[in-house]
Amino acid sequence: MRLLRRTLLVVSIAVTVIATVAGPTNAESAFRHSIIRNANVVSQPRPFGAHALGSMGDAVTAWNANAGEASVAACFLGGYGPQEARMYAMMHVAVHDALNGIDRRSRPYAVDLHAAPGTSPDAAVAAAAHDVLIPVLGSFSFFLPADCITAGVASVEADYADALDAIPDGSAKTQGIALGQDAAEAILALRASDGYDTPTVDPNYQEGIAPGEYRYTPGTPFAFAPALGEDLIPFALRDSSQFRPGPPYRLTSRRYAADVNQVQRLGGDDVTTPSARTDEQTEIALFWVESSPLQWNEIARNVSTAEGLDLWENARLFGLLNIAMTDGYIGTWDTKYHYRFWRPVTAIRLADIDGNPATTADPTWTPLVETPPIPDYDSGHAVEGGAAAQVLRRFFHTNRMSFSVCSFTLPEGERCSDESPTLRHFTRFSQAARENAKSRIYVGFHFRDAVKTGTRHGERIGNWTVRRVMRPVD
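Each value, and the rule that gives it
Residues numbered from 1 in each chain as written. Predicted model: local features only at pLDDT ≥ 70, side-chain atom pairs only at ≥ 80, totals over all residues. Heavy atoms only, no water. Helix = DSSP H or I, 4+ residues; strand = E, 2+ residues; numbered from the N terminus. Buried < 20%, exposed > 50% of the residue type's maximum accessible area, 1.4 Å probe, protein only. Contact = heavy atoms within 4.5 Å. Areas by Shrake-Rupley, 256 points an atom, 1.4 Å probe, with all protein chains shown as cover. 1 Å grid on protein atoms, 1.4 Å probe; cavity = no way out; pocket = protein on both sides within 12 Å on 5 of 7 lines; lining within 4 Å. Points joined across faces, edges and corners; volume = space filled by probe spheres on them. Nonpolar A, V, L, I, M, F, W, Y, C, P; charged D, E, K, R; others polar. Polar contact = N/O pair within 3.5 Å; in protein donor to acceptor, adjacent residues only side chain to side chain. Axes fitted to C-alpha atoms, helices over the stretch in contact; angles between N-to-C directions. Parallel < 35°, antiparallel > 145°, perpendicular 65-115°, else oblique. Left-handed = near helix turned anticlockwise from the far one by under 90°. Salt bridge = Lys/Arg side-chain N within 4 Å of Asp/Glu carboxyl O. Core = buried A, V, L, I, M, F, W, Y, C linked by side-chain atoms within 4.5 Å. Expected span 1.5 Å × (residues − 1).

**Here we look at the overall build of the protein chain**
Link 1 in the chain: When its secondary structure is counted, the protein chain shows 16 helices and four strands.
Link 2 in the chain: Buried residues in the protein chain amount to 62% of all 474 residues.
Link 3 in the chain: Relative to all contacts within the protein chain whose residues are 6 or more apart in sequence, the contacts with residues 24 or more apart total 81%.
Link 4 in the chain: Surface summary for the protein chain: the accessible area is close to 17,200 Å², and the carbon and sulfur share equals 51%.

**A word on the layout of surface pockets**
Link 1 in the chain: Taken as a whole, the largest pocket spans an internal volume of roughly 340 Å³.
Link 2 in the chain: Lining the largest pocket are 18 residues, and of these R105, E313, R316, F395 and P472 sit closest to its centre.
Link 3 in the chain: Secondary-structure elements contributing two or more residues to the lining of the largest pocket are α4 (81–102), α12 (311–339) and α14 (380–396).
Link 4 in the chain: Considering only residue class, the lining of the largest pocket consists of nine nonpolar, four polar and five charged.
Link 5 in the chain: Each pocket or cavity is described by its volume, and for the second largest pocket that value is around 220 Å³.
Link 6 in the chain: A59, A62, W63, D162 and A163 are, among the twelve residues lining the second largest pocket, the residues nearest its centre.
Link 7 in the chain: For the lining of the second largest pocket, the secondary structure elements donating two or more residues are α3 (59–73), α5 (121–139) and α6 (146–165).
Link 8 in the chain: Considering every element that reaches the lining of the second largest pocket, the biggest residue donor is α3, with four residues.
Link 9 in the chain: A class-by-class count of the residues in the lining of the second largest pocket yields eight nonpolar, one polar and three charged.

**Quick word on the side chain of S240**
Link 1 in the chain: Mapped onto the elements of the fold, S240 is located in the loop between α8 (228–231) and α9 (254–266).
Link 2 in the chain: A polar side-chain atom of S240 sits 2.9 Å from the main-chain carbonyl oxygen of G229.
Link 3 in the chain: Sequence-distant contacts of S240, defined by excluding residues within four places in its chain, comprise G229, P234, I330, G331 and D334.

**Quick look at empty space enclosed by the protein**
Link 1 in the chain: The final tally for this structure, using the stated rule, is three cavities of 30 Å³ or more.
Link 2 in the chain: Taken as a whole, the second largest cavity holds about 40 Å³ of empty space.
Link 3 in the chain: Going through the elements one at a time, α9 and α16 (448–468) are the ones with two or more residues in the lining of the second largest cavity.
Link 4 in the chain: For the lining of the second largest cavity, the class distribution of residues is seven nonpolar, no polar and three charged.

**Overview of the packing of α4 against α5**
Link 1 in the chain: Contact geometry for α4 and α5: axes closest at 9 Å, N-to-C directions at 150 degrees. Relative to α5, the element α4 lies roughly antiparallel. Note on packing geometry: the crossing formed by α4 with α5 is right-handed. Contact with α4, carried on its side by R86, M87, M90, M91, A94, V95, A98, L99 and I102, involves P121, A124, V125, A128, A129, V132, L133, V136 and L137 of α5 and no other residues of that element.
Link 2 in the chain: Its residues placed into classes, the contact of α4 with α5 shows 17 nonpolar, no polar and one charged.

**Points about the pattern of salt bridges**
Link 1 in the chain: Applying the stated criterion across every chain, the model contains ten salt bridges.
Link 2 in the chain: For the salt bridge of D194 with R86, the shortest nitrogen-to-oxygen distance reads 2.9 Å. Taken as a pair, D194 in the loop between α7 (171–190) and β1 (201–202) and R86 in helix α4 lie far apart in primary sequence, 108 residues in all. The same class applies to D194 as to R86, namely buried.
Link 3 in the chain: Put simply, R105 and D103 hold a salt bridge, and the shortest N to O gap is 3.1 Å.

**Observations concerning the nonpolar core**
Link 1 in the chain: Among the nonpolar cores identified, the biggest contains 119 residues, and W296 and F396 are the most heavily contacted of them.
Link 2 in the chain: Ranked by residue count, the leading element in this core is α12, at 14 residues.
Link 3 in the chain: Formed by 17 residues, the second largest nonpolar core is a distinct cluster that contains Y256, V260, V345 and A437.

**Focus on α7**
Link 1 in the chain: Under the 1.5 Å per step criterion, the end-to-end length of α7 is 29 Å for 20 residues, consistent within 8% with the ideal 28 Å.
Link 2 in the chain: Along α7, the residues classified as buried are K173, G176, I177, L179, G180, A183, A184, A186 and I187.
Link 3 in the chain: Looking at the buried residues of α7, the elements they touch are α4, α5 and α6.

**Digging into the environment of T61**
Link 1 in the chain: Tracing the chain through its elements places T61 in helix α3.
Link 2 in the chain: When the C-alpha positions of T61 and R301 are compared, they lie 6.2 Å apart, and in sequence the two are 240 residues distant.

**Re α14**
Every α-helix carries 3.6 residues per turn, so stepping three or four residues along brings you back to the same face.
Link 1 in the chain: Along its 17 residues, α14 runs 24 Å from first to last C-alpha, staying within 8% of the 24 Å computed at 1.5 Å per residue.
Link 2 in the chain: Here α14 lies mainly inside the structure; 15 of its 17 residues are buried.
Link 3 in the chain: Two residues or fewer after α14 comes H397, characterised by a positive phi angle close to 60 degrees.

**Some words on the environment of G195**
Link 1 in the chain: Note on placement: G195 falls in the loop between α7 and β1.
Link 2 in the chain: Its relative accessible area of 14% is what places G195 among the buried residues.
Link 3 in the chain: As for G195 and L228, which are separated by 33 residues in sequence, their C-alpha atoms are 7.8 Å apart.
Link 4 in the chain: G195 has contacts with D231 and L232, leaving out every residue within four places of it along the chain.

Below, the structure written as structure tokens:
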């Protein structure tokens, strides 16, 4: 059992948000190199395995999968969920608005278009997706290495060529391409100065010194994107603090001590630090280390295909999903840097100064995966799961739904891109969201308060998104 856990640990470290750096003077360089290293470990050659990105039932789900494939090629698995979610949201807004121009079924988001009769929906979807993905990928040169951007762009271009080759030449195709390009141009203009280029690494961020205040996590002497919650403009929320939750537990409370003791018991690496995790809990921990946008879009594709949604239904579903997830990141970043609460790895190592007699310090405590350099409260992963599950629940008008999902962050041979990936099975959207949230305790990243609060925070963002954007016209 311990050997299995150690094997999983080595693989899972490959997708930690930030790798160890030598010091603040080379933080940005080390961040970029960690992206390349992480991508080389987890990326797989095209095409992906049969279960890699789910069944592709129509042009919308196909381009959702294509975008996920491009994000893997572009090294997003190395670590920037907010930018990945924003890219998907922009693409799906363009797709939604293009299809809306052919047959208006819901309120447009960025532009109200009107297509000529006979316009090809598939061509419109392909052009809208392509014309968003290419410039957005190119704009990420401030944090993605050039080789990663080149690979992502090549992935999109290959998919675009295949998509257009499958559509007969003629006026329908030409009109569809023009329509998609107009939709892409509108969302690109709308989001051109939305704060997407907020600095990703801040070695000058002032860490805390008092008990409970966020301090640099071991191996990462910098803060990750501390201004994102202020800089990145939401898609649906009024502002980043709209649903900001109340403060975390007081350090001297019994509930705080219970949370510390739980993650101390379950979140260790089982190498330096013994862990009471079961094998399944270890699998859950590493399964959900994967990018939230990539994983929840896979869930949505699987459910969409099983339910037989049409192009327009899928356009609205994936638009809502990715808008909510982008705003989820914005909301959780606001919360994290508002409360600046320390991570479990810091709290456990410094438990002798927290003033709580029910906690015990362990100066060498080591989590299963290296802790990302952002504050604990609330859990961004839990916010993402709560937002995504709530959008799916509201869209399908039920919480009860059976589906399976794979992961890119399990050991080689078990990943989505492998012939027989490990699948986890669920019968409710909320069940997947709860497991996703609990995984952050098992991996040693978050306290239970952060994941419970994060899930509720995400649910509120999901509800707001469904109520406010892309409403059905009837």
